[in-house]
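Fold and contact review
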Amino acid sequence: MIGRLRRASVADAPVCWHIRNSAIREQCAACYPLAAVEAWTPQVMPESYPQAIIEHCFYVIEDVQGELLATGYLDRQTQRLEAIFTRPSAMGQGCASHIVEKLKEEALQQGLSAISLSSTLNAQPFYLKQGFIHLRHDRHFSATARCYLDCVEMYCPLTLPGD
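A brief report on the enclosed structure follows. All of these numbers come straight from a predicted model, not from anything done at the bench.

Time to look at the overall build of the chain. Within the chain one finds 5 helices and 7 strands. Taken from the N to the C terminus, the helices and strands of the chain come in the order β-α-α-α-β-β-β-α-β-α-β-β. For the chain, the C-alpha radius of gyration of 15 Å lies close to 15 Å, the compact-globule estimate for 163 residues. Along the first, second and third principal axes, the C-alpha atoms of the chain reach 45 × 40 × 30 Å. Look at the contacts in the chain between residues 6 or more apart in sequence, and 62% of them connect residues 24 or more apart. As displayed, the chain offers around 8,500 Å² of accessible surface, 52% of which is attributable to carbon and sulfur atoms.

Right, here's the structure in full:
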């Protein structure tokens, strides 16, 4: 059951990293080679990961017991959503949708008129339901995996409620 949406803290970084890795392993294995998925999800969290929590509008959703269920952030500089991941046991409960909506609100408050993202192949249907538009298929270099991964570039125009 979804509990509360809140800003992430640096102390959340290890659990957020675990959610990221488990979501990728669970959902992306059908779309990407196993070797790429394994390289993409190292056990050791990069030193830069906690810094992302500090620098960006990074949110988490926790259940009523305080266990983290989902993550995501808005990179204001690039105007992109990043790290939208849900713990596999919580998938299909609306956690990621809730985070995307909050990040859209944040983007509007920052004066942005649109946001974009690079979707994994398996997540494209989810983002289409969130109002994103397919722009093109692309290849994204993953520094973590040290290889190129097929992705879908997507765009979402933002409008104020009532527009």
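Back to the text.
To continue, consider helix 4 (residues 95-109). In this model, helix 4 (15 residues) spans 21 Å end to end at C-alpha, consistent with the 21 Å of a helix rising 1.5 Å per residue. Residues Cys95, Ala96, Ile99, Val100, Leu103, Lys104, Glu106 and Ala107 constitute the buried set of helix 4. Backbone geometry just downstream of helix 4 places glycine 111 in the positive-phi region, at approximately 85 degrees.

This part is about the packing of aromatic side chains. This structure, assessed with the given rule, holds 7 aromatic pairs. The interplanar angle of 75 degrees and the centroid separation of 5.0 Å between the aromatic rings of tryptophan 17 and tyrosine 49 together place this pair among those described as edge-to-face. Of this pair, tryptophan 17 sits in helix 1 (residues 13-28) while tyrosine 49 sits in helix 3 (residues 48-55); the two residues are 32 residues apart in sequence, bridging distant segments of the chain. Residue class for tryptophan 17 comes out buried when judged on its relative accessible area of 5%. On the numbers, 5.0 Å between centres and 70 degrees between planes, the contact of phenylalanine 126 with tyrosine 127 is edge-to-face. Judged by its relative accessible area of 7%, tyrosine 127 falls in the buried class. Counting every residue linked through ring pairs, the aromatic cluster contains Trp17, Tyr49, Phe58 and Tyr73. Across the ring face of tyrosine 59, the terminal group of arginine 7 is positioned such that the distance to the ring centre comes to 5.5 Å.

Ranked by size, the top nonpolar core spans 25 residues in total, and within it Leu74, Leu81, Ile84, Leu103, Ile115, Tyr127 and Phe132 carry the most contacts. Among the secondary structure elements, those contributing two or more residues to this core are strand 2 (57-63), strand 3 (68-75), strand 4 (80-86), helix 4, strand 5 (114-119) and strand 7 (147-157). Here this core takes 6 residues from helix 4, the largest share from any one element. Discounting chain neighbours no more than four positions away, the residues touching leucine 103 are Cys57, Tyr59, Gly72, Tyr73, Leu74, Leu81 and Ile84. Ala8, Cys28, Ala36 and Phe58 belong to the second-largest nonpolar core, a separate cluster that totals 23 residues.

We now examine the packing of helix 1 against helix 3. Where helix 1 meets helix 3, the axes come as close as 10 Å, and the angle between the chain directions of the two elements is 105 degrees. Considered as vectors, helix 1 and helix 3 are oriented roughly perpendicular to each other. Where helix 1 abuts helix 3, its residues Ala13, Cys16 and Trp17 lie against Tyr49, Pro50 and Ile53. Classifying every residue of the contact of helix 1 with helix 3 gives 6 nonpolar, no polar and no charged.

Attention shifts here to the pattern of salt bridges. All told, the structure shown has 10 salt bridges when counted by the stated rule. Salt-bridge contacts for arginine 4 lead to glutamate 62; the nearest nitrogen and oxygen are separated by 2.7 Å. With arginine 4 in strand 1 (residues 2-7) and glutamate 62 in strand 2, the pair connects residues that are 58 residues apart, well separated along the chain. You can call glutamate 62 buried: its relative accessible area is 10%. With a shortest N-O distance of 3.6 Å, arginine 87 and glutamate 67 are connected by a salt bridge. Of this pair, arginine 87 sits in the loop between strand 4 and helix 4 while glutamate 67 is found in the loop between strand 2 and strand 3, placing the two residues 20 residues apart along the sequence.

About the criteria used
- Every residue gets a number counted from 1 within its own chain, in the order that chain's sequence is written.
- A pLDDT threshold of at least 70 governs which residues receive local features in this predicted model, and a stricter bar of 80 or more applies before side-chain atom pairs are shown or counted, although totals over entire chains, interfaces and linings include all residues.
- Each side-chain value is worked out from all heavy atoms of the structure, with water and hydrogens disregarded.
- Runs of H or I in DSSP of at least four residues are treated as helices and runs of E of at least two as strands, each being numbered from the N terminus.
- For this measure, only C-alpha atoms enter the radius of gyration; the expected value for a globule follows 2.2 Å times N^0.38, where N is the number of residues.
- We call two residues in contact whenever any of their non-hydrogen atoms come within 4.5 Å of each other.
- Only the protein chains shown count as cover for residues, and the accessible areas themselves come from Shrake-Rupley with a 1.4 Å probe.
- Any helix carries an expected span of 1.5 Å times its number of residues minus one.
- Under the scheme applied here, a residue whose accessible area is under 20% of the maximum for its type counts as buried, over 50% as exposed, and between as partly exposed, the area being computed with a 1.4 Å probe on protein chains only.
- Pairing of aromatic rings covers Phe, Tyr and Trp, the last counted by its six-membered ring, and requires centre-to-centre distances within 6.5 Å; plane angles under 30 degrees mean stacked, over 60 mean edge-to-face, and any other angle means tilted.
- Criterion for a charge above a ring: Lys NZ or Arg CZ within 6 Å of the ring centre, and within 35 degrees of the ring normal.
- In plain words, nonpolar cores are sets of buried Ala, Val, Leu, Ile, Met, Phe, Trp, Tyr and Cys residues tied together by side-chain atoms within 4.5 Å.
- Where helices are involved, their axes are fitted lines through C-alpha atoms of the stretch in contact, as for all axes, and angles between N-to-C directions lie from 0 to 180°.
- These descriptions rest on fixed angle ranges, namely under 35 degrees for roughly parallel, over 145 for roughly antiparallel, 65 to 115 for roughly perpendicular, and the rest for oblique.
- Ten residue types, Ala, Val, Leu, Ile, Met, Phe, Trp, Tyr, Cys and Pro, are classed as nonpolar, four, Asp, Glu, Lys and Arg, as charged, and the remainder, Gly among them, as polar.
- A pair is scored as a salt bridge if a Lys or Arg side-chain nitrogen falls within 4 Å of a carboxyl oxygen belonging to Asp or Glu.

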